[in-house]
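Observations on the three-dimensional arrangement
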Amino acid sequence: MLEQLPLYEQAILTLAAMVMFTSFALLAQNRVVPMIHIFAWQGLLVAVTTALVAFDSGKHDLYLSAIMTIALKALFIPWLLHRLVKRLGIDREEHGAEHPATVLMIGAGLVIFCYYVAQPIEQLSASVTRNTIAISMAVVLLGMLMLISRGKAVAQVVGFMSLENGLFFAAVAATHGMPMVVELGVAFDVLVGAVIFGVFFFQIRDSIDSLDVDQLNRLSEQDE
Amino acid sequence: MNDWLLALIEMALFVALAPLFSAWVKRVKCWLQNRRAPSLLQPYRDLRRLFAKQVVLSHNASPVFRATPYIIAGATLLAAAVVPFISVNLPTAAIADVIVLAGFFALARFFQALAGMDVGTAFGGMGSSREMTISALAEPAMLMAVFTLAMVAHSTNLSTVIDYLLAQGLVLRPSLLFALLSLLLVGIAETGRIPVDNPATHLELTMIHEAMILEYSGRHLALIEWAVQLKLLIYGVLIVNIFFPWGIATHNSLHALAVAAGVVFFKLMVLGVLLAVGETVLAKMRLFRVPAFLVLALTLALIGLLSHIILEVG
Amino acid sequence: MSTSFLLTTVLVLPLLSAVASFTTDRQPALMRWLVFPLLGLSGLAAVWLGGQTLLQSTTETLIYSPGLPWLHWHFRLDPLAGFFLALIGIVTTAVSLFGPGYVREFEHGKQPLSVLGFFTGLFVTGMLMVVVAADAFSFMVAWELMSLTSYFLVVYQHQNAANRRAGFLYLLMAEVGALSIMLSFGVLAGFGDGFSFEAMRAAPLSLTWASIAFALGVFGFGMKAGLVPLHAWLPEAHPVAPSHVSALMSGVMLKVAVYGFIRLSFDLIGDVHWAWGVALLIIASITALFGVLYALMQHDLKRLLAYHSVENIGIIFIGLGLSMIFYGTGYPLLGTLGLVAALYHTLNHALFKSLLFLGAGAVLQRSHERDLERMGGLLKRMPWTGLFFLIGCISISALPPFNGFVSEWLTFQTALQVPNLSSGVLRAVIPIAAATLALTGALAAACFVKVYGIAFLGQARTRRVRRSSEASRGMVLAQALLAVLCLLFGIFPTAVVNALNHVTQSLTGQTLSTATAHGWLWLTPVSADAASYSAPLVFVGMLLALLAWALVFYVLRPAGRAQTRRGDTWDCGFGPLSPRMQYTSTAFTMPIRQIFAPAWRIHEEQEREMQPGLPLEPAQIRYQVHAEDITWKWFYLPIVQLLHATTRRVSRIQTGNLRHYLAYSFVTLLLLLWLIT
């Protein structure tokens, strides 16, 4: 089946698989700077896929989305995070999950689960990108898994952003993108979110001397 | 009958060229590191010298120790016999599929590790323990990549797989991309190259393969060295011929074979350059980082498999 | 000779051997000249009868009626029973060759030899009877005979408290398992109107009831076979029995459980559902991986082998699970492939595990050591045992061209046929299970490098080991027999597959004709294009390759200079090497222990004795690692706690007042009377 598709459509599928791989790489990575780099790569891959989908479907406003994605997710936010990490002086800390291999195995299970869930949806669609719905769902869930498995705030922000990547990817794959207004709004939200996170890092660190979110338990009113 | 003769010649070519490939990798590495490279014939001279040298056996060595070099070299040679090198129509390729190929390497490794423990030094045991640990992790990654390949081509026979991929033309498959990456990592781990093992070191903290063969000398050592070079070449040929099969001879005319030989040479040279670049750029890993490296290989293979199922079939 | 006569012979000979063992109290030598030969004869007869039934693909039903007129004993010989008869026969023959030499050390022991001989004979009778039984009564009687007699064999050396504990655990779990099997038969008999297998086969079962019967069967037979987490008795009971009995238990008794499972699910229930296969596949994959991970951590040789039995049972059930998935989704040919792979591995495991247990027995007898950490250099002292043990190690590590490889290869090939399935999730899950199998195989190889390297290679670590010598001729011969079979079944897989075709034909009406369609040289499970393996050519090729290297050596060798010289091992200029400098079993598995750490509960002990006056210089360090089975904490302890809590509740009705008890009887009587109206 794959052989009958034109080469650029094959490329869309390959890129989708690579986006999924970057999600796994984020899960496994325990250094914060490479993590940000992988995140940037993920943004770039998503953007290239969007551009290819735009070419495939002839919807030119998707090009704009692609450019925006590159600007925001492949360049600006990674740059912002990078600067933050440097200024917070945490670029050498370990930010990994406790059992990376276990987390990866759970991740693989999630992908299979997404495939199972997405199968009925895929039957409805006839476009090339229908198969990527499962992948984009998996990227969302893997982002959530990253949020759960990491204790450090920076890693969690990266997880959150990658989750957002998954949502965007799903929109592109399933319906060839959201209306431009919505997309602009979401992009703006993400941008503001990233900035606010940046401010919060300093706040959190000032109040609890750490960026370990498990320490936030101490804010609970219950005595331990 | 002609086919069998061809298979025999290909096997001989494999054996004859194995040291050359290692020498080529070494040469490129030297260039990259601003060193003067030894001659491309140096490995052959080393082998000849080793064959001429007297064998010194430990008082403690058992028959297992003496038999091991022959078994390793034999199993590796058999592995070379079933891998299509220049021509895809190899009668010997049907004898063993790619899982059996993995079995041959496992057999060689089993005896290698036993020989490491035979003399009763701490080094040998250390090398064996590390080798078996690493191979235990590399094996599932390798088989997972192989499964992906087998599911794409509906076969585990190397000839059939290559035939299928050739017939299909240029298709961009995410599954094969990831299988390729995974097999590259596994190949590096299995052939004991940087960053998993350093074939040039004899530092007890880091050595794996060298620790096992520390007690070997003379022709025994020559056989083992040769088998190691052969194994590297087999992995190289596997990777270039499966993932970039273009140019391999599909029929056994003299002209096609000559062209195929040239193309394979070229592909191997490129691969050798890549390997050398990798070995120059990367540093040897700590032993307990190797599992992470192999888990990466496993994840790649797994993603390859999943993307085949999700993206290519469904 | 008629079949009924042969069958009677097969069943009576081990009984005779059991009875004959009473003579050995007066004449210990009779053990060698009467008891074991009779056992061996029964083994040979079983091979003969089983082989004949298997190869001629005959099915014959025999009915005996001893005593009770309404309770006939149905026996049925079909290819499946024949296959298992032959398998039991082979191992029994080897054991009876091994036994005479081995039991000599018991001649002057505290226990009478007669007990050993008696229960061994009954044990073999029980196993043989299980596989030919054709109704639930005789099956359960034979099953219990097998379980009970093996209990007595486990506690044979009962002066040791650990043995008694292991025996009790074994008995308890065997009985719970038997109960579950009985219930499973009960479900089938309830719908099928009768306890004969004939009636059960015809039982019209709804999916729910079939699933219940299947689940009970998995529990019961799985407990005997050692599926995780029901395996707890296995590593306790197998090592403490005398070694030739361990070989029978690990090599054959577990296979009888596999037989029971196949008979129940493929024959009696018949219509397998694919979801059962998935459940089984998951349990089996966990079992295989779990078994090998625990085996790696053991340093008691026999305990290690017992954990490997758990692993191999996992591999067998992976094949069965795949087979069920394919049968259940309408691919009978592929289902047959899985079944053949499982049966092949059953045969192989019987051979190499018995071989390894016999080898361990020989080592135990000659060196009185079971602890790997104290062995070393045995190959020089026991060259033949060493050679055959090596063959066993290669076979169990699934390396070509030996037998273990063929069956694992077939299992892989079955798993690779998933593109046929329509369910995408199954297509994704099965290759992962296969990768688990690959991991298992590689870890098993690591484990047996450890076993062989520590025990047989290197230098002897203790004096007793240094002074050990080769085992007696019969013991070596028994190992040789099994080792040769390991090689033969590895080189001629097509013959085995052809024979197994008769089994699948009679069970499911399918044969794997494609596998051997290209002649005896080629094994092609699905088609020649998809996968092929030529074991004979690989074997010949290996010999040729060795020859080729010899030729290279001959060509390159300068005349007369390349002699071998013996010298000291390089000691880094540090002084002479001592055996204590060698890697130990604990050290060997240390990297694996670190990587798979969550799989065990590791207890480490370290003792340091400091040198007097030098508080920082240890004079002696002792380090010990013990890996505790996590199923104790996560599976068994909760059950025990639950039981305790329940019994505490129930015990409230035990008031101690006589009138209360009378009231209980009274109420019961009333209830019963009300029920029957």
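Residues numbered from 1 in each chain as written. Chains lettered and ligands numbered in written order. Predicted model: local features only at pLDDT ≥ 70, side-chain atom pairs only at ≥ 80, totals over all residues. Heavy atoms only, no water.

By the definition in use, this model includes zero disulfides over all chains. The closest cysteine sulfur to the non-disulfide-bonded Cys447(C) is located on Cys393(C), 9.0 Å from its own sulfur. (Disulfide = S-S within 2.5 Å.)

Between chain B and chain C, the residue contacts involve 77 residues of the former and 79 residues of the latter. Of the roughly 6800 Å² buried between chain B and chain C on both sides combined, carbon and sulfur atoms contribute 74%. Our enumeration of links across chain B and chain C arrives at zero salt bridges. For the pair chain B and chain C, the interface holds 23 residue pairs in polar contact (both at pLDDT 80 or more). Of all the secondary-structure elements, those providing two or more residues to the side of chain B that touches chain C are helix H2 (42–52), strand E1 (55–58), helix H3 (63–82), helix H4 (98–118), helix H5 (122–153), helix H9 (218–243) and helix H11 (290–313) of chain B. When residues in the side of chain B that touches chain C are grouped by element, the largest group, 18 residues, is from H5(B). Across the side of chain B that touches chain C, the residue classes tally to 50 nonpolar, 19 polar and eight charged. Here E1(B) pairs with strand E3 (residues 564–567) of chain C via four bridges, running parallel. Its bridge partner being in E3(C), Val56(B) is matched across the sheet by Arg565(C). (Contact = heavy atoms within 4.5 Å. Buried area = accessible area lost by both parts, 1.4 Å probe. Salt bridge = Lys/Arg side-chain N within 4 Å of Asp/Glu carboxyl O. Polar contact = N/O pair within 3.5 Å; in protein donor to acceptor, adjacent residues only side chain to side chain. Helix = DSSP H or I, 4+ residues; strand = E, 2+ residues; numbered from the N terminus. Nonpolar A, V, L, I, M, F, W, Y, C, P; charged D, E, K, R; others polar. Pairing = 2+ DSSP bridges.)

Residues and elements named next belong to chain B. Contact geometry for helix H1 (residues 2–32) and H2: axes closest at 8 Å, N-to-C directions at 125°. By the angle class used here, H1 and H2 are oblique. On H2, the residues touching Ala16, Leu17, Pro19, Leu20 and Ala23 of H1 are Pro43, Tyr44 and Leu47. A per-class count over the contact of H1 with H2 returns eight nonpolar, no polar and no charged. (Axes fitted to C-alpha atoms, helices over the stretch in contact; angles between N-to-C directions. Parallel < 35°, antiparallel > 145°, perpendicular 65-115°, else oblique.)

The subject of this paragraph is a nonpolar patch on the surface. On the surface, Phe666(C), Val667(C), Leu669(C), Leu670(C), Leu671(C), Leu672(C), Leu673(C), Trp674(C), Leu675(C) and Ile676(C) cluster together to form a nonpolar patch covering roughly 1100 Å² of accessible area. Within the element layout of this structure, Ile676(C) appears in helix H25 (residues 658–676). (Patch = residues over 30% accessible without salt bridge, like charges linked within 9 Å, V, L, I, M, F, W, Y side chains within 5 Å. Areas by Shrake-Rupley, 256 points an atom, 1.4 Å probe, with all protein chains shown as cover.)

Attention shifts here to helix H19 (residues 473–491) of chain C. All names here are of chain C. The terminal C-alpha atoms of H19, which comprises 19 residues, lie 27 Å apart, in line with the 27 Å expected from a rise of 1.5 Å per residue. Among the residues of H19, those classed as buried are Met475, Val476, Ala478, Gln479, Ala480, Leu482, Ala483, Leu485, Cys486, Phe489, Gly490 and Ile491. In the core, the buried residues of H19 are packed alongside helix H3 (79–102), helix H13 (332–367), helix H15 (383–396), helix H16 (403–415), helix H20 (493–508) and helix H21 (535–556). (Expected span 1.5 Å × (residues − 1). Buried < 20%, exposed > 50% of the residue type's maximum accessible area, 1.4 Å probe, protein only.)

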